[in-house]
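Architecture and fold: a report
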Amino acid sequence: MAVSKPMEGGTEDLPTLPNLETRSSASPEPKPNGREQTTLGLPPDVLLDIHRRMLLLRRMEERIGQLYAMGEIGGFCHLYIGQEAVAVGMERATRPDDPVITAYRCHAHMVVRGAAPEQVIGELLGKAQGVSQGKGGSMHMFDPARNFYGGHGIVGAQVPLGTGIAFALKYRKTDRVCVTYFGDGAISQGQVAEAFNMAALWNLPIVYVVENNQYGMGTAVDRASAISELHRRGESFGIPGREVDGMDPVAVEQAGQVALEHARSGQGPMLLEMKTYRYRGHSMSDPALYRSREEVQRVREERDPISRVADLLVQSGVVNAEGLKVVDREIRAQVMEAVTAAQAMPEADPTGLLSDIYADGS
Amino acid sequence: MREISVREAIRDAMAEEMRRDESVFLMGEEVAEYEGAYKVSQGLLKEFGPERVVDTPITEAGFAGVGVGAAMMGLRPIVEFMTWNFAMQAVDQIVNSAAKTRYMSGGLLGLPIVFRGPNGVASQVAAQHSQDYGAWYAHVPGLKVVAPFDAADAKGLLTAAIRDPDPVVFLEHELLYGESGQVPDGEHVAELGRARIVRPGRDVTLVGWSRGVSLALDAAAELAEQGIDAEVIDLRSLRPLDRATLLGSVQRTHRIVSVEEGWPSCGVGAEIMATIVAAAFDALDAPPQRVSGADVPMPYAAHLEALALPLSETVVRVAREVCYTDV
Ligand SMILES: Cc1ncc(C[n+]2csc(CCOP(=O)(O)OP(=O)(O)O)c2C)c(N)n1
Ligand SMILES: [Mg+2]
């Protein structure tokens, strides 16, 4: 498993992070306080929570993929399958009042922030109670009440937006931090560099998270970026970067905590590069001919974040295989319920076509 | 009432709103220490400090996006573009982020933001620095587009734009900054989306905005000497377009000429013509006509530039044509 390593020659001397490198390690050591621990040193309920949250995202996205194949969802639809450790790990590191913003691959980010899966699915189905009342669709979902600011379809555009959110947090003298996600493809957008510069110049409370899933559509990262270590792309602005095993929710959470603390304590932006992978095509229409089936299979077998946490839970005796099946059944039922609820919602109202263009309703 | 320049009126609107509402701030290139490339933000840094009058790097896409993000959090940014020519770098954030977010979020997320700066032709700066973007932004649902002509409107409309809950594109004009006019004392808020009849008349309607109003007024004065009584309408808002005022005027005059600096093709004049023809065809005594900039990139040489600009003489000629005075 990739070891998290600090940026070479960076401006900050950050502690190295522990990680999930524990699949084959020895049986749990009882802690002095007697509280049960897993191999990782994490309480079992924490690992169970991580596992559950990731599995919900996986099962929801799988179901969305099926609904798409059945023709119930239209347009572009980008699934998060494979990347669950990033959203879940970062969510565990952030405070609920820390704003989050991302691109179009946003269903999972909505749900980890607390949006109801049926509202997300309802939006995909074009329903009246979809989060955006059927006007946003897969790529444009917002939940400002839970500090989620979208859901943006223009590659890279959310990065200045997140930087502006951080500007507002500082302007208002809060101790909140904005988490801004983007892809390995997006990092080459000019406005990302523009945003990095302003964030560093003004010392804004922001954590940039590049979800390096190795591809921007069909372009492998080394065909798009002059350097493959994307965590170094902030160096020229003095933004410290860190490479993180983005298939390890614990490593993600710990890196997230370090970066959030860095930003929260007034030291400015940090850039986390999450080494992750998407199992499905870029969007539903992509047969993914630019990579081999073996490559995908290998990642699934060796690095899948959900299997890794599940194995750990079993190895450390927290649950057995049967227990995992029970959890999976519960989550599948939860997703089915959300789908049924979404399907039962009324179609988005045609009168909505002309509303919400301006604040006065027109 | 007191007499101030358009430049001062814009500054006063910003200063008064910043005093009134802490969430209002100004950002852009050279707005703070340099006090604006066109000296519009004089005194603001001194009064409000660098946290609220923010010099940005030369990074239009970036700082337009930062403004929109700040507006997502409920701040009320005034984003100054040194000129609108440079905002081409930021059109994505203005159109895709600012204009569409309220709609795409089903009304969950509104964006109270003003993008402002000088628009339109300037003197001999050639193609890349001399252009009217009115039609470009007026095309976009989700934006309001405002273009003041005189000092009172510069203040009243900008005040309204800053208080507005939606993104406003505020098009100023370099050649009008130095023009003075009477501005009401104290708070002065104009209504967005309303045209104004600047000069009532019976024979022909001349409609312009920003510097086009000054061309129309000059033309009207000349036409009066020739016995033609022109009505001049200052559109003030390109989106929404005050169709009612336009139609009402044409019902009285039966003739209309639009005046704009921009290119004719798909311009604001074209939208006005379509509106009139569709809704007041029977009221027309002559085909509606446009006076616009020439359909070329702006040339540099003074004599060539003069050929590319709309002139009040052209407005006079076209107005006489629609009045059939030369037949
Ligand atoms: C400005 C812009 N250019 C191109 C596109 C089309 N497009 C959508 S996603 C994408 C690839 C982005 O890849 P990456 O940033 O790695 O994100 P990922 O899809 O892997 O999550 C492209 C080229 C777009 N939406 N916006
Ligand atoms: Mg990618």
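Just so you know, the residues in each chain are numbered from 1, in the order the chain's sequence is written. Chains carry letters and ligands carry numbers; both start at the beginning, A for chains and 1 for ligands, and go up in the order they are written. With pLDDT at 70 or above as the cut-off, local features in this predicted model cover only qualifying residues; side-chain atom pairs require 80 or more to be listed or tallied, and sums for whole chains, interfaces and linings still use all residues. In computing side-chain values, all of the structure's heavy atoms are included and hydrogens and water are not.

**Things to note about the overall build of chain B**
Here a strand is any run of E in DSSP of at least two residues, a helix any run of H or I of at least four, and the numbering for each starts at the N terminus. On a plain count of helices and strands, chain B comes out with 12 helices and 14 strands. With C-alpha atoms as the basis for the radius of gyration, the globule rule is written as 2.2 Å multiplied by the number of residues raised to the power 0.38. Relative to its length of 327 residues, chain B is compact, with a C-alpha radius of gyration of 20 Å against a globular reference of 20 Å. The dimensions of chain B, computed from C-alpha atoms along their principal axes, are 65 × 45 × 40 Å. Using a 1.4 Å probe on the protein chains alone, a residue whose accessible area is under 20% of its type maximum counts as buried, one over 50% counts as exposed, and one in between counts as partly exposed. Counting all 327 residues of chain B, 61% fall into the buried class. His residues and chain termini do not enter the charge count, which takes Lys and Arg as positive and Asp and Glu as negative. The atoms used to mark charge sites are NZ of Lys, CZ of Arg, CG of Asp and CD of Glu. Here chain B contributes 28 positive and 46 negative side-chain charges, whose respective centroids are spaced 4 Å apart.

**Let's talk about the domain arrangement of chain B**
Residues and elements named next belong to chain B. In this entry, domain limits derive from an automatic or database-based domain assignment. Structurally, chain B comprises domain 1 (2–183) and domain 2 (196–322). When each unit is reduced to the centre of its C-alpha atoms, the spacing between domain 1 and domain 2 is 26 Å. On the side of domain 2, 27 residues touch domain 1, which itself brings 32 residues to the contact. Note on definitions: buried area is the accessible-area loss of two parts on being combined, 1.4 Å probe, summed for both. Surface buried jointly by domain 1 and domain 2 totals about 2,200 Å² across both partners, of which 58% is contributed by carbon and sulfur atoms. Between Lys or Arg on one side and Asp or Glu on the other, a salt bridge is scored when a side-chain nitrogen of the former is within 4 Å of a carboxyl oxygen of the latter. Linking domain 1 with domain 2 are three salt bridges. When the shortest N-O distance is used, the salt bridge between Arg 196 and Asp 150 registers 3.0 Å. Polar contact is the term for a pair of N or O atoms within 3.5 Å; when the atoms are in protein, one must be able to donate a hydrogen and the other to accept it, and sequence-neighboring residues count only if both atoms are side-chain atoms. Where domain 1 touches domain 2, the interface holds 13 residue pairs in polar contact (both at pLDDT 80 or more). For the side of domain 1 that touches domain 2, the elements supplying multiple residues, two or more each, are helix 6 (134–138), strand 6 (144–146) and helix 7 (151–163). Contacts: residue pairs with any heavy atoms within 4.5 Å of one another.

**Details of unusual backbone geometry**
Leave glycine aside and you will find that most residues have negative phi; peptide bonds, for their part, are mostly trans. Following Gly 150 of chain A, the chain continues to Gly 151 of chain A via a peptide bond in cis, the omega torsion being 25 degrees. Examined against the element boundaries, Gly 151 of chain A turns out to sit in the loop between helix 4 (117–124) and helix 5 (158–171). Cis geometry marks the peptide bond from Arg 239 of chain B to Pro 240 of chain B, where omega comes out at -5 degrees. Relative to the helices and strands, Pro 240 of chain B is located in the loop between strand 12 (237–239) and helix 9 (243–253). Even without a glycine there, the phi angle at Asn 147 of chain A is positive, about 60 degrees. Along the chain, the position of Asn 147 of chain A falls in the loop between helix 4 and helix 5. At Glu 35 of chain B, a residue that is not glycine, the phi angle is positive and equals roughly 65 degrees. Judged by its relative accessible area of 26%, Glu 35 of chain B falls in the partly exposed class.

**Details of the site of ligand 1**
Residues and elements named next belong to chain A. The criterion for a residue being near a molecule or strand is simple. One of its heavy atoms has to lie within 4 Å of it. With respect to spatial proximity, 15 residues lie near ligand 1, and among them Tyr 104, Arg 105, Gly 185, Ala 186 and Asn 213 are the closest. At 2.7 Å, a side-chain N or O of Tyr 104 approaches an oxygen atom of ligand 1. A distance of 2.8 Å separates an oxygen atom of ligand 1 from a polar atom in the backbone of Ala 186. Calculation of accessible area relied on Shrake-Rupley with a 1.4 Å probe; when residues are assessed, cover is drawn exclusively from the protein chains displayed. Coverage of ligand 1 by the protein chains reaches 71% of its 590 Å² of free accessible surface. When residues are grouped by polarity, Ala, Val, Leu, Ile, Met, Phe, Trp, Tyr, Cys and Pro land in nonpolar, Asp, Glu, Lys and Arg in charged, and all others, Gly among them, in polar. For the shell around ligand 1, the per-class residue count stands at six nonpolar, seven polar and two charged.

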